[in-house]
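Residue-level structural notes
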Amino acid sequence: MHSLLPGIKLLLIWLLIILPGVELGLRALDFSFYWAFSRFPDHYRGYAPMPGADARQDIEGHARIRINRYGYRDRDWTDKPAGVHRIAVLGDSITAAVQVPIEDTWWRQLEVRLQACGYRGKTVEIMNFSVSGYGTAQQLETLRHHLAPHRPDEIWVAFFPGNDVTDNHPVLSEDPLRPYLRRVEDDWKMDYAFRDLPEYRRKISRPGQLYYSFLLRMRSVQAIAMVHGVFSKQARIKGLDRTWIWEPGIDARVYAPPQQAVWEEAWETTRTLVRMIRDETRALGATLRVLGFSTGAQVYPGDEPVTPMMERLDVPDLLYPNWLMGRFADKDDYDYIDLAGPLAAQARATGAFFHGLNGQNGQGHWNHTGHAAAAELLAGRLCGEQAGDRY
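Residues numbered from 1 in each chain as written. Predicted model: local features only at pLDDT ≥ 70, side-chain atom pairs only at ≥ 80, totals over all residues. Heavy atoms only, no water.

So, about the nonpolar core. Membership of the largest hydrophobic core comes to 85 residues, with the highest contact counts inside it found for Trp106, Leu110, Leu114 and Trp267. Sort the elements by how many residues they give to this core and helix α9 (residues 261–283) lands first, with 8 residues. Other than its neighbours up to four places away in sequence, Trp267 contacts Phe159, Val165, Val254, Pro258, Tyr320, Pro321, Leu324, Met325 and Phe328. If you look at the next biggest cluster of nonpolar residues, it comprises 18 residues, including Ala53, Ala55, Tyr212 and Leu216. (Core = buried A, V, L, I, M, F, W, Y, C linked by side-chain atoms within 4.5 Å. Buried < 20%, exposed > 50% of the residue type's maximum accessible area, 1.4 Å probe, protein only. Helix = DSSP H or I, 4+ residues; strand = E, 2+ residues; numbered from the N terminus. Contact = heavy atoms within 4.5 Å.)

See the structure below:
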């Protein structure tokens, strides 16, 4: 017993003096770590942001992230008032946009622009249902389980060519903690196998719930999560097969017509998922638009490093995924607005970088310039449609 006393004393000193001191110091510095709250367990989608989370995101860009009571980065929505035209946006990290302040996101800027041009003759409210890391299957599950109570008039799918296609196939995706749409004989069924994974089981266990409801509120725990996350990310990047992964998170083969069965399956699954979103959108009495967004390589203002990439892929440009989504839209009867082509032309004309924060020009997510340019292009198209409807 006496041999345990020094250890017990050290533990008490840590718990009663050092840990509270660290906690107070981190709070005084306003330290917090948003990504610790970003993968709260979700029965249908695998994970989602923790409702009510409020923390900083400083890994890429800088922003204060507040998650509403529904689990999304947006204002707390009310019951739909009369005279309001609601647009619900489904997407991934490009639209969740935790890299920039919320007022700089493309959808918040576009909301202001559409209001100014009298879009649909009503008060416009754009609702962000996008979550970092989501594939199209998770967006479909979001529509099924979250959108109906908010009565949207339009539902937009923000297609990110960089990883939306790969996220829809279990072989190409890096994340097992998500549902996958699979072909079963002549039908398609959603596979929720993630529910049986040890990681998911831990998250929904009592200790897991204690971690999310109490321990994660401590800034010192968030600091540990940040250190773990940074080292894990560095290890993943170091372990990447650079044959086709030239930018983390993006398989360059998406820029070319599929050469392998797995890519044909991924594209077929993506098309089927959007069709299902189209049908369920119509069942809600809403209309569907798909927006084709850009990757950094697609809208790089110079020839380097784009030219070697195109030569390796044997393609004239990197716009194939956006072109193909446009073809799907024509055949499957929904509206499609492509931004990658116009942004690429604008970047070459002006030399502007639309992707990249913290000095990483041309890589990563949209920066402030990219969000502003996207909002301007969409407003031009949508307000132009509105003006055309009047004549």
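On we go.
A positive phi angle, near 60°, is found at Asp30, a position not held by glycine. Within the fold, Asp30 resides in the loop between α1 (5–28) and β1 (40–42). On the basis of relative accessibility, which here comes to 38%, the residue Asp30 falls in the partly exposed class. A positive phi angle is found at Ala97, which is not glycine, with a value near 55°. Note on placement: Ala97 falls in the loop between α2 (93–96) and α3 (106–116).

Our next topic: the pattern of salt bridges. What the rule picks out here adds up to 32 salt bridges. For Arg182, the salt bridge goes to Asp191, with nearest N and O atoms at 2.6 Å. Overall, Arg182 belongs to the partly exposed group, its relative accessible area being 35%. Overlapping salt bridges, with partners in common, bring together Arg120, Glu154, Arg289, Asp335, Arg381 and Glu385 in one network. (Salt bridge = Lys/Arg side-chain N within 4 Å of Asp/Glu carboxyl O.)

For the pair helix α4 (residues 136–147) and α9, interaxial distance at closest approach is 9 Å and the crossing angle is 15°. Accordingly, the angle class assigned to the pair α4 and α9 is roughly parallel. For α4 against α9, the interelement crossing comes out left-handed. Contacts between α4 and α9 involve Thr136, Ala137, Leu140, Leu143 and Arg144 on the former and, on the latter, Thr270, Leu273, Val274, Met276, Ile277, Glu280 and Thr281. Residue composition of the contact of α4 with α9, by class: 7 nonpolar, 3 polar and 2 charged. (Axes fitted to C-alpha atoms, helices over the stretch in contact; angles between N-to-C directions. Parallel < 35°, antiparallel > 145°, perpendicular 65-115°, else oblique. Left-handed = near helix turned anticlockwise from the far one by under 90°. Nonpolar A, V, L, I, M, F, W, Y, C, P; charged D, E, K, R; others polar.)

On inspection of all chains with the given rule, the structure shows 19 aromatic pairs. Ring geometry for Tyr70 versus Trp77: centroids 5.5 Å apart, planes at 20°, classification stacked. We classify Tyr70 as partly exposed; its relative accessible area is 28%. Taking the centre distance of 6.4 Å and the plane angle of 10° together, the rings of Trp106 and Trp156 count as stacked. Placement of the pair is Trp106 in helix α3 and Trp156 in strand β7 (residues 154–159), with a sequence separation of 50 residues. (Phe/Tyr/Trp six-rings, centres within 6.5 Å; stacked < 30°, edge-to-face > 60°.)

This brings us to the pairing of strand β6 (residues 123–128). Among the 6 residues in β6, 5 count as buried, and that is most of the element. With 6 bridges connecting them, strand β5 (residues 84–90) and β6 associate as parallel partners. Bridge assignment links Ala88 to a residue of β6, and that residue is Met127. (Pairing = 2+ DSSP bridges.)

Before going further, it helps to spend a moment on the pairing of strand β10 (residues 287–292). Taking burial as the measure, the 6 residues of β10 include 5 buried ones, the bulk of the element. Strand direction decides the pairing type here: β7 and β10, joined by 6 bridges, are parallel. In the strand pairing of β10, Trp156 is matched with Arg289. One ladder, built from 4 bridges, connects β10 with strand β11 (residues 335–338); its direction is parallel. Pairing of Gly292 across the sheet is with Asp338, part of β11.

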